[in-house]
Amino acid sequence: MPIRGLASIAAVLVCAACGGSGTPSTPSTPPTTTPPAATTPALTITFTDNPVPYKTTGCNGSTPQGWYTDARVQETAGVAFIPKTLTQKLDGVVADSLAESYASRFGACAGGMFDPALIPPKGAVCAVVGICSATQTASTYQLQISGTDLSGQVLTFTSPLLQLSPR
Amino acid sequence: MRIRGEHRAPRWAHVCVWLFVCAAIATTDASAQRLSIQGDRFAVDGVPRFLTFMTMFGAMGAPNVAADLHLVRTLGFDGVRVWPNLDTGPQLVASDGSLRPAELARLRFILDQAKLEHLIVDVTFTYEHTPGLDAAHERIAVMAAANELRSYDNILFDLQNERNVQDRRFMSEGNVASIASGVRSVDAARIIVASNSPVDPPEYAADFTARLGLDATAYHEPRVSNWYQLPIVQSVINAMRANGRPAYMQESMTTRDDLYFYPSHDRAEYFLQAIAYAKLSGAAGWCFHTDAAVDYRKGPAFLEDRLKADPEPEWAFVNSLKPKIVLQTANGRNFLVAEGGGGAGVRADRTAASPGNWGVFGIEALSGGPVISGDKVALTTPDGAHYLQATGGGGSSLRAEGKSVGSWETFRIEKAGGGVIHDGDAVTLRANDSPWYVAAEGGGGGTTNVGSSSAASWETFRIFFVTPHSTDAASDRSAGAPAKREGG
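Residues numbered from 1 in each chain as written. Chains lettered and ligands numbered in written order. Predicted model: local features only at pLDDT ≥ 70, side-chain atom pairs only at ≥ 80, totals over all residues.

Draft legend 1. How the structure looks around the overall build of chain A. Along the backbone of chain A there are 2 helices and 9 strands. The helix and strand sequence of chain A, counted from the amino end, reads α-β-β-β-β-β-α-β-β-β-β. Taken over 167 residues, chain A has a buried fraction of 28%. A fraction of 65% describes how many contacts in chain A between residues 6 or more apart in sequence connect residues 24 or more apart. (Helix = DSSP H or I, 4+ residues; strand = E, 2+ residues; numbered from the N terminus. Buried ≥ 20, exposed ≤ 12 C-beta atoms within 10 Å, placed from the backbone. Contact = placed C-beta atoms within 7 Å.)

Draft legend 2. Quick peek at the interface of chain B and chain A. Across the boundary between the two partners, chain B contributes 25 residues, which contact 24 residues of chain A. Looking at the side of chain B that touches chain A, the elements that each hand over two or more residues are strand E12 (324–328) and strand E14 (346–351) of chain B. Among the elements that make up the side of chain B that touches chain A, the one with the highest residue count is E14 of chain B (4 residues). When grouped by side-chain class, the residues that make up the side of chain B that touches chain A number 8 nonpolar, 10 polar and 7 charged. (Nonpolar A, V, L, I, M, F, W, Y, C, P; charged D, E, K, R; others polar.)

Draft legend 3. Quick look at the sheet that holds strand E1 (residues 35–38) of chain B. Strands sit in the order E1-E2-E3 (chain B) across an open sheet of 3 strands; the sheet is antiparallel. The open sheet terminates on both sides in strands that have one partner only, identified here as E1 and strand E3 (47–48) of chain B. (Pairing = 2+ DSSP bridges.)

Draft legend 4. Spatial organisation of the confidence of the model for chain A. Averaged over all residues, the pLDDT of chain A equals 85, while 81% of them reach at least 70. Scored below 50 in pLDDT, residues 1–26 of chain A shows 1 contact in the model against residues more than four places distant or in partner chains. (pLDDT = per-residue confidence, 0-100.)

Draft legend 5. Up close: helix H8 (residues 268–280) of chain B. All names here are of chain B. Its 13 residues place the ends of H8 18 Å apart at the C-alpha level, agreeing with the 18 Å of an ideal helix rising 1.5 Å per residue. Buried positions along H8 lie against strand E4 (51–55), helix H7 (230–241), strand E10 (247–251), strand E11 (285–288) and helix H10 (311–318). Following H8 by one or two positions, Gly282 adopts a phi angle in the positive range, close to 100°. (Expected span 1.5 Å × (residues − 1).)

Draft legend 6. Local environment of the sheet that holds E11 of chain B. All names here are of chain B. The parallel open sheet is built from 8 strands, whose spatial order is E8-E7-E6-E5-E4-E11-E10-E9. Edge positions in the sheet fall to strand E8 (191–193) and strand E9 (217–220), since each of these pairs with one other strand and no more. Ignoring strand direction, the axes of neighbouring strands in this sheet form an average angle of 25°. Pairing analysis gives 3 bridges linking strand E7 (residues 155–158) to E8, with the strands arranged parallel. Each residue of the ladder has a partner; that of Asp158, found in E8, is Val193. (Axes fitted to C-alpha atoms, helices over the stretch in contact; angles between N-to-C directions.)

Draft legend 7. Representation of the pairing of strand E5 (residues 79–82) of chain B in the model. All names here are of chain B. The alternating pattern of E5 places Gly79 and Arg81 on one face and Val80 and Val82 on the opposite face, and all of these are buried. Taken together, the 3 bridges between E4 and E5 define a ladder with parallel strand orientation. Residue Thr55 lies in a different strand from E5, and its bridge partner there is Arg81. With helix H2 (residues 65–75) bridging E4 and its parallel neighbour E5, the resulting β-α-β unit is right-handed. Note: E5 against strand E6 (residues 120–124), 4 bridges, orientation parallel. Bridging from a neighbouring strand, Gly79 pairs with Ile120 of E6. Chirality of the crossover, the property in question, places the unit of E5, helix H3 (residues 101–116) and E6 among those that are right-handed. (Right-handed = clockwise from strand over helix to strand, strands pointing away.)

So this is what it looks like as C-alpha cells:
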C-alpha cells in the first residue's frame, strides 16, 4: 500500500480514538466544524424521464421518431470541471451513430450560462439526449463525460442507465 | 375646490407627447414598404426583390383582417392581392362611380394594417362586380381611389382584372388607357398594371402593357396541365419580359374552383415548382392563387383556419416559404450544428441519430422567393436569435453569433449547373462576395471554418429541407457526394 494510503488510515484511527466513547461530564454544544473543502469536482447526471418513452415526433429535424429526454449535469462538489469528451453508449456499447462533441451536445440550462470549456463550481449544463431512429432496437442509453479538474487530473463521470421503453 | 386647469399637465408634457407621436409616425413611415420598379424588377424600399403574393380577394369582408395579414406576413409572403369591389362585399364602388365612405375606410384600414406588417398590396379593380357600373364611371371610381390612396407607398393598382376576357370583365384597350391616364393625372407615382388572362398569349400581354405605358406586365398563366413546369413557365416569362418591364405572374393556377375544372392544382408540389421556376426565369413577382380568403360569409373567421382546412395544397404551400434545412457534410454522416442552438460556435458533428434541433437552420434568399443557385442567403439559428456568421467576412471561423444580417452574415449558395436549390442538392456556401467557402474540416465530424478558397468535398454540403418542399428531383446528384437523408 502506498505510504500516502497508510497515512490516511492512521489519521482516521487517531481521529476515532480522540472521539472516545464516553459521555462528557458536562453537556456542551458541540463545536462547529467546517468540512474540509473538496478538491475534486463531482458531476451528477440526471434525466428528466427515465424510462423514456418512444416518441413518433419531435426527435430531430428529419428523423421524428426516437427516444429523447433532457439530461442535466450538475457539479456538486464546488470544484470546477473542464469537460473534454462525450461518449454515448447504447446497450453498453459506444455508439458510432452518436459520436459528437460535448460542446455541440450540451448547452445552458434554462436561465443559465454555458461555457463549453468549463463547468463552474456548483454549475450545471443541459442537453437533449437519446437517439433518433425508426429502426433502432436498443434498450439502454448512457453517457460519459471525461475531462479534468483545474490541476489536470483526469476524471470520467458516467450517467445512470437511461431505460429506453419498448416501441 | 380645484382651480380650473389645476391638474392640467405642464406645457413641456404636451411637447413630449407630441414629440412621441411624431416619432411614432416617423417610425411607422420609416419602416413602411415602399414599392418601386427598377428595370424589370420590383423593388421594396429601394432594394430589388422577387415578391411573393397571396390572393386575399375577399379581404374587405374578412372579420379578422389584421390577424389575417399578420399571419400572411409571418408565413413569409411579401404581399396580398385584394379585390375591394368583390361582390362578396363590402364593395368599394357604387354604380355611379362614387366610393362608398365606409368601404373606403375599410380599405384604408386594410392598407394600414398591411403597412404595419410590411406587406405590399395589389389593389385590383373589378368593375363587373357592381351592377350597372360602366367603364366611364369606373374611371371616375379608380381616379377617386387613386386620389384617396395617394399616401400609400406600399400598393399597386390593377386597373381591371382579366380585362381581355370577353364577358362582363371585358374592358377595351381604349378604356384601360383612359383610366390609366386618369390615375396618372391624380397620382403620377402610382404603379399601375392591367391584367390579361391566358385567352391571349403572354406576347399580347407584353405588347399591351408597352402600348399603354403600364408599369409591369400582369398576366395570368395558361391553365394547362403542365403549367408549373420549367419550359412552360420560362416561355411565358420570356415573352412577358420582352417589353423590358417587370413580369408579374399575378395569378397562378387556382388551388380550387367551384365552377370550372382546373388541372394540376391539388398538391403544393405544383405551386412550389411554379414559383421557383418563375423566379429562376426572371419574373418580378408571383401570386399564390387560393380561394381561402375569397368569401368570408361562410367558413372559419380566421384565415389560418381556412388555410389549415386544406392541408394540400394550401397549408403545405404556405408553410414552405420560410424553409428550414439541415446541411450534411461530405462524409455523409454528420451535419452542421450551432452550439447551444445559436450564439456560439458552429461544429460539424451532429449525426442523423442525434436528438434535438440545433442542426436545423432557417434559410432566406435575400432577393426574395425560393432559393436559387447564386442567391445571397442568410441562415438563422434554431434559437431564432442569431445568424451564421463568417468572422471577419471570411478567411476565419464560422460562428453563429450574428444578431442581424450584414455582410458577415451573408453567404452565396451555389450548386453545380445552377438552378433551383432542391432537396438533396450538393451546395457550397461562400462568404458574401469573398473567395472563402464554408468548410467542414475532415469532411465532417469536427470543426468548421470559412477558410477555404476553393470548393472541394469538405466545402460541399447536401441540403435537406425539413419544412414542406418540392420533391422535384435534385438535378445534380453526382457520384461520390453524400446522398442519404436523415438527421439534423
